[in-house]
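# Chain and residue survey
The residues making up each chain are set out below.
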Amino acid sequence: MTERPRLTVLGTGYLGMTHAACMASEGFEVLGFDIDAEKVARLNAGDVPIFEPGLEELVRDGMSSGRLRFTTSYAEAAEFGDVHFVCVGTPQRRDGHGADLSQVETCIDGLAPGLTRPCLIVGKSTVPAGTAAALAERVAARAPAGGAAELAWNPEFLREGHGVRDTLSPDRLVIGVTSARAEAVLRTVYAPQLEAGIPLFVTDLATAELAKVAANAFLATKISFINAVAEVCDAAGANVTVLADILGADARIGGAFLRPGLGFGGGCLPKDVRAFLARAAELGAGDALAFLREVDAINLGRRTGMVNLACEVAGGSISGKAVGVLGAAFKPGSDDVRDSPALDVAQILHGMGAEVTVYDPEALPNARKVCPELKYADSAVGAATGADVVLLLTDWPEFARLDPEELGTVTSARVIVDGRYMLDPAAWRAAGWVYRASGIPAPADVVVKQTS
Ligand code: UDX
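Being a predicted model, the structure only gives us computed values, none of them experimental. (Residues numbered from 1 in each chain as written. Predicted model: local features only at pLDDT ≥ 70, side-chain atom pairs only at ≥ 80, totals over all residues. Heavy atoms only, no water.)

By size, the foremost hydrophobic cluster in this structure holds 64 residues, and its most contacted members are Leu 349, Val 356, Leu 391 and Phe 399. Here the element with the most residues in this core is helix α13 (residues 291–313); it accounts for six residues. A domain-level breakdown of this core finds at least three residues from each of domain 2 (213–289) and domain 3 (298–436). Not counting the four nearest positions on each side in its chain, Leu 349 is found in contact with Val 307, Ala 310, Ile 318, Val 323, Ala 354, Val 356 and Leu 391. (Core = buried A, V, L, I, M, F, W, Y, C linked by side-chain atoms within 4.5 Å. Buried < 20%, exposed > 50% of the residue type's maximum accessible area, 1.4 Å probe, protein only. Helix = DSSP H or I, 4+ residues; strand = E, 2+ residues; numbered from the N terminus. Domains from an automatic or database assignment. Contact = heavy atoms within 4.5 Å.)

What follows is the structure in structure tokens.
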């Protein structure tokens, strides 16, 4: 293997594209691969199809330096690379809760026949424990290089919207390896991070695989915990945002991922929780993770709770009411609408007969594709115009700056449900708004006004 290995990155989604561009920015020669010819053509023309801060610049720099390019040819990738990063998707299976590994398997099967010299395949996709060991056998059986085409697992913890920073400077690096050679190669690839003092955990394959799903399950559990407590706050007349701050001030608990809201969504947390459960059950350890079923149920319950609250503030029925929805992305800083709680709520309300108009600063093109039946506006004020009820569903910072007076001049009624606790209830109520949020006490007179 060369001193400085040549890298391929298979799969150019959020993970792969970011990894490819970041590695090129560190001076590696990188060949990105995708089966989607249209995407590859766009990328080779310098057009980055996803919104990820700082990514477009890195892709452009990489391409103009000649260190980064893209292909649709497995043969070319196999010939080019000393290290092959597998970054394809592992979505939830259509017929169950487990992970659909078909993209990973297709990728390995496409690459392996071209692997004629020693190389390292490094899985980054999130997979159930045991997948890497099975894939290693698959590679050895199909690659002309046999066992010299080795396999390692190197889970990725990047958050969308922070992908470039999380890739260049992660909290930790985890590499699951079965040989000293594989470890040495990955130490070369991650030399800049190791020199910067980023901790490296060298593990077996299964521990590396589990590191990712266990981390995501823990984050999901924290979110569902505080969201469940929000419901208790409702019943007790307590304030969940103040409570979350109090809990977070305990260093043993920590405030991160303890923000109540509409729950988690996106391409990772929801499916990873379910796949973790499904794999544990296959391994005979399902009972140990039974609580994750509750975590998932609490999370989905937040969406139903929001729909119910919207109906309540609309006077009992949402049918025929105009609803302004602020937010479509699953979280701020992203244009991703996969399993987005915001879009889910918008869709349910539309299904109940509401006239829903959605605004999002970045995710409108994706939302339009997935939910063509909804109406869209190009500003928060646009979405709220004529609304009987306004719902704040994604915590984009610009929504915190909304002026209750200004917004109140365009809506039909001053009624807002704050699904992400971004607004100051006192300020909005002072401006004549009915302000509601789960786990925030509603003044008695407001409740009476709404139910009478
Ligand atoms: C997540 C993990 O953070 C990352 O390590 C993993 O690699 C992929 O999955 P991401 O999907 O980009 O990353 O989103 P993240 O920022 O983690 O947020 C997940 C969801 O939780 C979002 O829907 C967000 O709105 C929600 N969330 C987050 C809360 O509801 N409350 C919080 O306190 C934090």
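In the vicinity of the ligand, 20 residues are found, and the nearest of them are Phe 157, Glu 160, Phe 257, Arg 259 and Lys 331. One of the backbone N or O atoms of Glu 160 is found 2.6 Å from an oxygen atom in the ligand. Within the contact set of the ligand, an oxygen atom lies 2.8 Å away from a side-chain nitrogen or oxygen of Lys 331. The protein chains hide 95% of the 670 Å² of surface that the ligand would expose on its own. No other element matches the four residues that helix α10 (residues 205–236) contributes to the shell around the ligand. (Near = heavy atom within 4 Å. Polar contact = N/O pair within 3.5 Å; in protein donor to acceptor, adjacent residues only side chain to side chain. Areas by Shrake-Rupley, 256 points an atom, 1.4 Å probe, with all protein chains shown as cover.)

With that settled, consider the pairing of strand β9 (residues 322–326). Within β9, four of the five residues are buried, which leaves the element mostly enclosed by the surrounding structure. By the bridge criterion, five bridges tie β9 to strand β10 (residues 355–359) in an arrangement that is parallel. Counterpart to Val 325 in the pairing with β10 is Val 358. Handedness of the β9-helix α14 (residues 341–351)-β10 crossover: right-handed. The sheet contact formed by β9 and strand β12 (residues 389–392) spans four bridges and is parallel. (Pairing = 2+ DSSP bridges. Right-handed = clockwise from strand over helix to strand, strands pointing away.)

Scanning the model with the defined rule gives 25 salt bridges in all. The salt bridge involving Glu 231 is made with Arg 302; its shortest N-O contact spans 4.0 Å. Taken as a pair, Glu 231 in helix α10 and Arg 302 in helix α13 lie far apart in primary sequence, 71 residues in all. Look at Glu 231 and you get partly exposed, because its relative accessible area is 43%. Look at Arg 302 and you get buried, because its relative accessible area is 8%. (Salt bridge = Lys/Arg side-chain N within 4 Å of Asp/Glu carboxyl O.)

Further remarks concern helix α12 (residues 269–282). In an α-helix there are 3.6 residues to a turn, and that puts residues three or four apart on one side. With 14 residues, α12 ought to run about 20 Å at 1.5 Å a step, and its terminal C-alpha atoms sit 20 Å apart, in line with that. Judged by how many residues are buried, α12 sits mostly within the fold: 11 of 14 residues are covered. Restricting attention to buried positions, one finds in α12 the residues Leu 269, Pro 270, Lys 271, Asp 272, Val 273, Arg 274, Ala 275, Phe 276, Leu 277, Ala 278 and Ala 280. On its buried side, α12 packs onto α10 and α13. (Expected span 1.5 Å × (residues − 1).)

Two measures define how a pair of helices packs: the angle their axes make with one another and the distance between the axes. Between α10 and helix α11 (residues 240–248), the least distance of the axes is 9 Å, while the angle of their chain directions is 135°. Taken as axis vectors, α10 and α11 run oblique relative to one another. Note on packing geometry: the crossing formed by α10 with α11 is right-handed. In this structure, α10 contributes Phe 225, Ile 226, Val 229, Ala 230 and Cys 233 to the contact, and α11 contributes Val 240, Leu 243, Ala 244 and Leu 247. (Axes fitted to C-alpha atoms, helices over the stretch in contact; angles between N-to-C directions. Parallel < 35°, antiparallel > 145°, perpendicular 65-115°, else oblique. Left-handed = near helix turned anticlockwise from the far one by under 90°.)

Note on placement: Ala 275 falls in helix α12. Classification of Ala 275 by relative accessible area gives buried; the value is 10%. Along the chain, Ala 275 and His 97 lie 178 residues apart, while their C-alpha atoms are 5.7 Å from each other. If we ignore the near neighbours within four places in the chain, the residues touching Ala 275 are His 97, Gly 98 and Ala 99.

What the six strands build is an open sheet, ordered β11-β10-β9-β12-β13-β14; its pairing is parallel. What marks the edges here is a single partner per strand, and that holds for β11 (375–376) and β14 (434–436). In the sheet, β10 pairs with β11 via two bridges, with the strands oriented parallel. Note on β11: the bridge partner recorded for Thr 357 is Lys 375. Where α14 meets the sheet, it contacts β9, β10 and β12, and its direction lies at approximately 160° from that of β10.

Another point: the domain arrangement of the protein. By convention, interface size is frequently given as the accessible area that disappears when the constituent parts associate. Taken domain by domain, the protein consists of domain 1 (7–203), domain 2 (213–289) and domain 3 (298–436). Measuring from the centre of the C-alpha atoms in domain 2 to the corresponding centre in domain 3 gives 23 Å. Of the residues lining the interface, 18 residues belong to domain 2; the matching set on domain 3 comes to 18 residues. Roughly 1,500 Å² of surface becomes buried between domain 2 and domain 3 when both sides are summed, with 55% attributable to carbon and sulfur atoms. Applying the counting criterion to the domain 2 and domain 3 interface returns two salt bridges. (Buried area = accessible area lost by both parts, 1.4 Å probe.)

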